[in-house]
Amino acid sequence: MANFNFPPIQGWMSEREMEWLYEQAKKMVNVVEIGSWKGRSTYALLSGCKGSVYAVDHWKGSPDEIDQAHTEAKTTDIYAIFLNNVGHFKNLKVMKMSSEEAAKHFPPKSVDMVFIDGCHAYEYVRKDIDLWLPRTRRLICGHDCGQAGVPQATHEVFGQVETVHGIWFRWLSDN
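Residues numbered from 1 in each chain as written. Predicted model: local features only at pLDDT ≥ 70, side-chain atom pairs only at ≥ 80, totals over all residues. Heavy atoms only, no water.

Draft legend 1. Spatial organisation of helix α5 (residues 122–132). Inspection of α5 places Val125, Asp128, Ile129, Leu131 and Trp132 among the buried residues, and these make up the whole buried set. For α5, the buried positions fall inside an angular range of 165° around the axis, keeping them on one side. Residues of α5 that are buried in the fold lie against β1 (31–34), α4 (99–103), β4 (111–116), β5 (136–143), α6 (150–158) and β7 (167–171). (Buried < 20%, exposed > 50% of the residue type's maximum accessible area, 1.4 Å probe, protein only. Helix = DSSP H or I, 4+ residues; strand = E, 2+ residues; numbered from the N terminus. Arc of directions from axis to C-beta. Contact = heavy atoms within 4.5 Å.)

Right, dumping it as structure tokens:
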């Protein structure tokens, strides 16, 4: 892995997870990230991928975390913080909308890599996988492989998935 120095953007992703995302993104033509919050993981993806990185989020916080980890979204413009952190990247494509709405803009097999880190409740994770798997060419992955509904959703769709740190992943074609 590269010894990449990421800026101190607030978030829940470890340095090792960010390095993994960075290394995978370097192999991709384009990336879609579902759930970008303040841009911590987005920064890693944008730094690695030379093509477009689509940040899909409404920046209002996840429904299951709005009274806990995302309570700040009730009083703070998270989107402005996100833009301050990563808005300078030329390859950033912001899609300020739901995952479901964003998916309508991508035909089948049009995205090299999809990184799912939106709401971690089972029904949301399952819906994101179902929406984005047909649009993914090479790598589908997500964060928080042990949290809430993530393991149930990934197991139902893929059976076993590989994990590295807190990231689950499944290669769909050669990397």
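Draft legend 2. Layout of the sheet that holds β7. Strand order in the open sheet made by the seven strands is β3-β2-β1-β4-β5-β7-β6, with mixed pairing throughout. The sheet is open, and its two borders are formed by β3 (92–96) and β6 (162–164), each paired with just one other strand. Strand-to-strand twist across the sheet, computed as the mean angle between neighbouring axes with direction ignored, equals 20°. Both strand β2 (residues 53–57) and β3 contribute to a ladder of five bridges, which runs parallel. Looking at the pairing, Ala55 lines up with Val94 of β3. Most of the contacts of α6 go to β7, to which it runs at about 10°, and overall it touches β5 and β7. (Pairing = 2+ DSSP bridges. Axes fitted to C-alpha atoms, helices over the stretch in contact; angles between N-to-C directions.)

Draft legend 3. The arrangement of the packing of helix α2 (residues 40–48) against helix α3 (residues 78–86) in detail. One can describe the packing of α2 onto α3 by two numbers: an axis separation of 10 Å at closest approach and a directional angle of 30°. Remark: the crossing between α2 and α3 carries right-handed chirality. Two secondary-structure elements touch here, α2 through Thr42, Tyr43 and Leu46 and α3 through Phe82, Asn85 and Val86. A per-class count over the contact of α2 with α3 returns four nonpolar, two polar and no charged. (Left-handed = near helix turned anticlockwise from the far one by under 90°. Nonpolar A, V, L, I, M, F, W, Y, C, P; charged D, E, K, R; others polar.)

Draft legend 4. How the structure looks around the nonpolar core. Among the nonpolar cores identified, the biggest contains 33 residues, and Trp20, Leu21, Leu45, Val86, Met113, Leu139 and Cys141 are the most heavily contacted of them. Among the secondary structure elements, those contributing two or more residues to this core are α1 (15–25), α2, β2, α3, β4, β5 and β7. Examining the composition of this core, we find that five residues originate from one element, α1, more than from any other. For Leu21, the residues in contact, after removing those within four places along its chain, are Met13, Ser41, Ala44, Leu45, Met113, Phe115 and Ile167. Residues Val32, Met95, Val114 and Ile129 belong to the second largest nonpolar core, which totals 20 residues. (Core = buried A, V, L, I, M, F, W, Y, C linked by side-chain atoms within 4.5 Å.)

Draft legend 5. Main features of α1. Of all eleven residues making up α1, nine are buried, and the element is well covered by its neighbours. Every buried residue of α1 is accounted for by Glu17, Met18, Glu19, Trp20, Leu21, Tyr22, Glu23, Gln24 and Ala25. On its buried face, α1 is in contact with α2, β4, β5, β6 and β7.

That's the geometry; what it means functionally is another story.
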